[in-house]
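The residues making up each chain are set out below.
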Amino acid sequence: MKIKSLADLRSIKAEVQGKIKLREQGENAENIVQIKVAMATCGIAAGAKGVMNFILEEADFKGIDVVVTQTGCMGYCYAEPTIEVILPQKDPVVFGFVTKEKAREIINEYIIKGEMVDGMIPVSYKTVDE
Amino acid sequence: MADYKMHILVCGGTGCRASQAEQIVDDLKTELKNNNLQNEVKVVTTGCFGFCEKGPVIKVVPDNTFYTQVTPVDVKDIVNEHIIKGRPLKRLLYVNPKNDYKVTSTANIDFYKKQVRIALRNCGFINPENIEEFIARDGYASLGKVLSEMTPEQAIKIIKDSGLRGRGGGGFPTGLKWEITSKSVSDQKYVVCNADEGDPGAFMDRSILEGDPHSVIEAMAICGYCIGADKGLVYIRAEYPLAIKRLRVAIDQAREYGLLGNDILSSGFNFDLELRYGAGAFVCGEETALIHSMEGLRGEPTFKPPFPSVSGYLGKPTNVNNVETFANVPVIISKGAEWFSSIGSEKSKGTKVFALAGKVNNVGLIEVPMGTTLREVIYDIGGGIRNGKKFKAVQTGGPSGGCLTVKHLDTPIDYDNLIAAGSMMGSGGMIVLDEDDCMVSIARFYLEFTLDESCGKCTPCRIGNKRLHEILTRITEGNGTMVDLERLRMLSNTIKDTALCGLGQTSPNPVLSTLDNFYDEYVAHVKDHKCPAGQCKSMMSYLIDAESCTGCTLCSRNCPVGAISGEKKMPHYINQSICIKCGICHEKCKFKAISII
């Protein structure tokens, strides 16, 4: 594959950008939306994996930058699947019983418009990380 | 189609490879496959992360979890715990030595906090053997910009305005060098990359070539366009097999993509690269010696002028720059001279990569803005001195540099300040010494190195250094006199003034700077026949204090030469004629009964 012009170079760049997007987002995580999906045994059993995949697809479809990571049990086993959403410079918000429909609602209402949606779980802990 | 949700970045630098990083990559891939995750999690081998102390290191993104000292045994747990269940594996996390907290993210590790990565921007981030990942990071865009939007003069002006200076140690303004070479009239010119890194303890050039070879290739092409050269040569030592391999892969890929060769990006500009291997002689880092070595001649320096920019390789104008210098160029072109010159100190712009080594907690490769103080580098990034010992000095500039002491700790590091303090930037080796290091022995060590590496062409270097070494040896053996100290200084100054090339002119620096900063230690060796650091063996002996000795026999059981005798529960005794002064007894004794005198 020969690159014959600057335009060629740019289009290849756009094409391969996705390869390292994940890493660039990781470096810059505090400035973009972060979603943590609880993926302990209880979460997985309740379908967290499908929800995680759905969130990734939906975010991609809506064209919003999100970092989706897995995390361990958050302790809300009664409300699985649970996800934690951190908007830039905002406190984390945890949602319980997140089905695909709920996930779509969270993305459309909370992440895009910043409006609260039902199903929020009051955060009962703080993450200790120096 | 693979749709990766996670990347596992594994350091593939020489250091981490030496501790089984390749095995870890293979095991990770197998383990992911066993769990049917090969299409969700991608394993990427990258260049050096810099945190060599804690290698092999692994970073999981996008959650940025940083694992240190990973072994192949840990692979299963990483996949089961972190990848499948989302729980960071606590036992592999970095522990902050200051408060024993475990730190998950690189953003919270002190080692990385104060660093600004320009030359190392892609090291530990992209796969160096994949040109597409480099292009995704705006690779070759600067070359495209220069070729399509700028005249050579305009591009040179940007480099000049940025204030970039040669990172090989000399600190000559890069833009000026380019300008001089561009003005030399000739049918053929050359761009040369000096990758003959030879300072003891320095490995920044190797790490750049291993971690981001394309950035050097791109910069060489930009330089070629600026000075009017269509041919580039990389002079690299054969002792860097991994760097050579990655550079070869990168050159082949660049050719395949049409980024090297004829009519690059339809601009009519032709440029191609070749590698030349050095046999690892220190003097070949000197540009005239390097050029002779490339020509197939003996690697000996010749007098300047003529400078290589007028008459270099095969008598043609040649622009020689160091690896790290080149690695800065594409970023300067893309972000502009103003951006670059806003970083750093007044006369030294940008950042500098240092190889931090010696008695410091976090050994590794770091990049800091010029003007950062030694204290920040040693205590904040380096995590302080090992085993809670006292800081004594830091050696910078390798065999051409000198020692900086406690009083220099708050000196901002840049070219001019280091020279004013009696040392030099050099290529960026930084060896931290603690209270147990004898400064006379350190000076002698560096002299030994220069003695080995001197090409022998000029008398001051060949014979002068030999004499210096003899005097230093005499002092460390306890046979020195006060006259020797004066001779050291006089001879050093003579060599400095009369040697032919940079190697000889700077070789007495370690002697002079230790004389200046640690004169007391020299005097102690000569007058009191004592080595304050307890390193010079011929001047000391170990003695057991009969009153404190409990006769536990621990020392005699550990003595490798059987020099210690004594009955159980009775004071022991060291036979001085057998003792080799290894210090093991001193270390083992639980009652502090053994003293050094």
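Given the structure is predicted, the values throughout are model-derived calculations rather than measurements.

### Focus: the overall build of chain B
Step number 1: On a plain count of helices and strands, chain B comes out with 24 helices and 20 strands.
Step number 2: Taken against the 2.2 N^0.38 rule, which gives 25 Å for 597 residues, the C-alpha radius of gyration of chain B at 27 Å falls within 12% of a compact globule.
Step number 3: By its C-alpha atoms, chain B is 85 × 65 × 40 Å across when sized along the principal axes.
Step number 4: Split into buried and exposed, the 597 residues of chain B put 54% on the buried side.
Step number 5: For chain B, the proportion of contacts with a sequence separation of at least 24, taken over those separated by at least 6, is 71%.

### Section: the packing of helix 9 (residues 204–211) of chain B against helix 11 (residues 241–256) of chain B
All names here are of chain B.
Step number 1: Direction vectors running N to C along helix 9 and helix 11 enclose 35°, while the axes themselves pass 8 Å from each other. Crossing handedness for the pair helix 9 and helix 11: left-handed. Residues Arg206, Leu209 and Glu210 of helix 9 form the contact with helix 11, whose own contacting residues are Leu242, Ala243, Arg246 and Leu247.
Step number 2: Per-class residue counts for the contact of helix 9 with helix 11 are four nonpolar, no polar and three charged.

### Focus on the nonpolar core
A general trend in soluble globular proteins is that nonpolar side chains are found buried together.
Step number 1: Residues Val216, Met220, Ile222 and Val394 of chain B are the most contacted members of the largest nonpolar core, which totals 172 residues.
Step number 2: Considering every element that reaches this core, the biggest residue donor is helix 10 (residues 213–227) of chain B, with ten residues.
Step number 3: Sequence-distant contacts of valine 216 of chain B, that is, excluding residues within four places in its chain, are made with Cys193, Ile208, Leu209, Val323, Phe326 and Ala327 of chain B.
Step number 4: With 25 residues, the next largest nonpolar core counts Ile44, Val66, Ile83 and Val98 of chain A among its residues.

### Observations concerning unusual backbone geometry
Residue and element names in this part refer to chain B.
Step number 1: For the bond running from glycine 55 to proline 56, omega is -10°, close enough to zero to count as cis.
Step number 2: By secondary structure assignment, the location of proline 56 is in the loop between strand 2 (41–46) and strand 3 (58–61).
Step number 3: Proline 305 connects to proline 306 through a cis peptide bond whose omega is 5°.
Step number 4: Positionally, proline 306 belongs in the loop between helix 12 (287–294) and strand 11 (318–322).
Step number 5: Positive phi values are uncommon outside glycine, yet asparagine 64 reaches one of about 60°.
Step number 6: With respect to the element layout, asparagine 64 can be found in the loop between strand 3 and strand 4 (65–67).
Step number 7: Look at serine 266: it is not a glycine, yet its phi comes out positive at around 55°.
Step number 8: With respect to the secondary-structure elements, serine 266 resides in the loop between strand 9 (261–264) and strand 10 (269–278).

### Points about the domain arrangement of chain A
Step number 1: Each domain of chain A was delimited in the assignment, giving domain 1 (1–27) and domain 2 (32–121).
Step number 2: Taken over C-alpha atoms, the centre of domain 1 of chain A sits 29 Å from the centre of domain 2 of chain A.

### Overview of the environment of cysteine 403 of chain B
Residue and element names in this part refer to chain B.
Step number 1: Note that cysteine 403 resides in strand 15 (residues 402–405).
Step number 2: Taking C-alpha positions, cysteine 403 is 51 Å from glutamine 38, a pair spaced 365 residues apart along the chain.
Step number 3: Residues within four places of cysteine 403 in sequence aside, it is in contact with Ala393, Val394, Gln395, Ser423, Met439, Ser513, Thr514 and Asn517.

### Concerning the sheet that holds strand 1 (residues 6–11) of chain B
Neighbouring strands of a sheet are bound in pairs by backbone hydrogen bonds; such pairs are parallel or else antiparallel.
Residue and element names in this part refer to chain B.
Step number 1: If you walk across this open sheet you meet the four strands as 2-1-3-4, and the pairing is mixed. The sheet terminates laterally at strand 2 and strand 4, the two strands that pair on one side only. Between one strand and the next, the sheet's axes are offset by a mean angle of 20°, whatever the strand orientation.
Step number 2: Relative to strand 4, strand 3 runs antiparallel, the two being bridged by three bridges.

### Some thoughts on the domain arrangement of chain B
Step number 1: Its domain assignment divides chain B into domain 1 (6–109), domain 2 (131–340), domain 3 (351–434), domain 4 (439–527) and domain 5 (541–596).
Step number 2: Spacing between the C-alpha centres of domain 2 of chain B and domain 5 of chain B amounts to 59 Å.

### Some words on the interface of chain A and chain B
Step number 1: Contacts between chain A and chain B engage 29 residues on the former and 31 residues on the latter.
Step number 2: Broken down by secondary-structure element, the contributors of at least two residues to the side of chain A that touches chain B are helix 1 (6–27) and strand 2 (66–71) of chain A.
Step number 3: If one sorts the elements of the side of chain A that touches chain B by residue count, helix 1 of chain A sits on top with twelve residues.
Step number 4: Looking at the side of chain A that touches chain B, its residues break down into 14 nonpolar, eight polar and seven charged.

### Here we look at the confidence of the model for chain B
All names here are of chain B.
Step number 1: Taken residue by residue, chain B gives an average pLDDT of 91. The fraction at 70 or more is 100%.
Step number 2: By mean pLDDT, the top-scoring element of chain B is helix 10 (97), and the lowest-scoring one is strand 6 (residues 102–103) (82).
Step number 3: In the model output, the complex is listed with pTM 0.87 alongside ipTM 0.75.

### Regarding the pairing of strand 7 (residues 190–195) of chain B
Residue and element names in this part refer to chain B.
Step number 1: Counting buried positions along strand 7 yields six of six residues, so the element is predominantly enclosed.
Step number 2: Residues of strand 7 alternate between two faces, with Tyr190, Val192 and Asn194 on one and Val191, Cys193 and Ala195 on the opposite face, all of them buried.
Step number 3: Pairing analysis gives six bridges linking strand 7 to strand 8 (residues 231–237), with the strands arranged parallel. Paired with tyrosine 190 across the two strands is lysine 231, which belongs to strand 8.
Step number 4: Pairing geometry for strand 7 and strand 11, over five bridges, is parallel. The partner of tyrosine 190 across the bridge, within strand 11, is threonine 318.

### Some details on the sheet that holds strand 7 of chain B
Residues and elements named next belong to chain B.
Step number 1: Across the sheet, which stays open at both edges, the five strands sit in the order 9-10-8-7-11 with mixed pairing between neighbours. Both outer strands of the open sheet, strand 9 and strand 11, are each paired with one neighbouring strand and no more. Going across the sheet, the axis of each strand differs from the next one's by a mean of 25°, ignoring polarity.
Step number 2: Inspection of the sheet shows strand 8 paired to strand 10 by seven bridges, in the parallel sense.

### A look at helix 19 (residues 482–498) of chain B
Step number 1: Along its 17 residues, helix 19 of chain B runs 25 Å from first to last C-alpha, staying within 8% of the 24 Å computed at 1.5 Å per residue.
Step number 2: Looking at the buried side of helix 19 of chain B, the elements it contacts are helix 18 (459–476), helix 20 (502–506) and helix 21 (509–517) of chain B.

### Regarding the packing of helix 9 of chain B against helix 13 (residues 323–335) of chain B
Residue and element names in this part refer to chain B.
Step number 1: Running from N to C, helix 9 and helix 13 point in directions that differ by 45°, and their axes come no closer than 9 Å. Here helix 13 runs oblique to helix 9, going by the angle between their axes. Between helix 9, through Met204, Asp205, Ile208 and Leu209, and helix 13, the contact on the second element is made entirely by Val323, Glu324 and Ala327.
Step number 2: Among the residues making up the contact of helix 9 with helix 13, the classes are represented as five nonpolar, no polar and two charged.

### Digging into helix 3 (residues 48–62) of chain A
Residue and element names in this part refer to chain A.
Step number 1: Across its 15 residues, helix 3 extends 21 Å between first and last C-alpha, which sits within 8% of the 21 Å expected from 1.5 Å per residue.
Step number 2: Of the residues making up helix 3, those classed as buried are Ala48, Val51, Met52 and Ile55. Relative to the axis of helix 3, the buried residues are bounded by an arc of 100° and lie together on one face.
Step number 3: Tucked into the core, helix 3 has its buried residues touching strand 1 (33–38), helix 2 (41–45), strand 2 and helix 4 (100–113).

Cut-off values and rules
- Residues numbered from 1 in each chain as written.
- Chains lettered and ligands numbered in written order.
- Predicted model: local features only at pLDDT ≥ 70, side-chain atom pairs only at ≥ 80, totals over all residues.
- Helix = DSSP H or I, 4+ residues; strand = E, 2+ residues; numbered from the N terminus.
- Rg over C-alpha atoms; globule rule 2.2 N^0.38 Å.
- Buried ≥ 20, exposed ≤ 12 C-beta atoms within 10 Å, placed from the backbone.
- Contact = placed C-beta atoms within 7 Å.
- Axes fitted to C-alpha atoms, helices over the stretch in contact; angles between N-to-C directions.
- Left-handed = near helix turned anticlockwise from the far one by under 90°.
- Nonpolar A, V, L, I, M, F, W, Y, C, P; charged D, E, K, R; others polar.
- Core = buried A, V, L, I, M, F, W, Y, C linked by C-beta atoms within 7 Å.
- Domains from an automatic or database assignment.
- Pairing = 2+ DSSP bridges.
- pLDDT = per-residue confidence, 0-100.
- Expected span 1.5 Å × (residues − 1).
- Parallel < 35°, antiparallel > 145°, perpendicular 65-115°, else oblique.
- Arc of directions from axis to C-beta.

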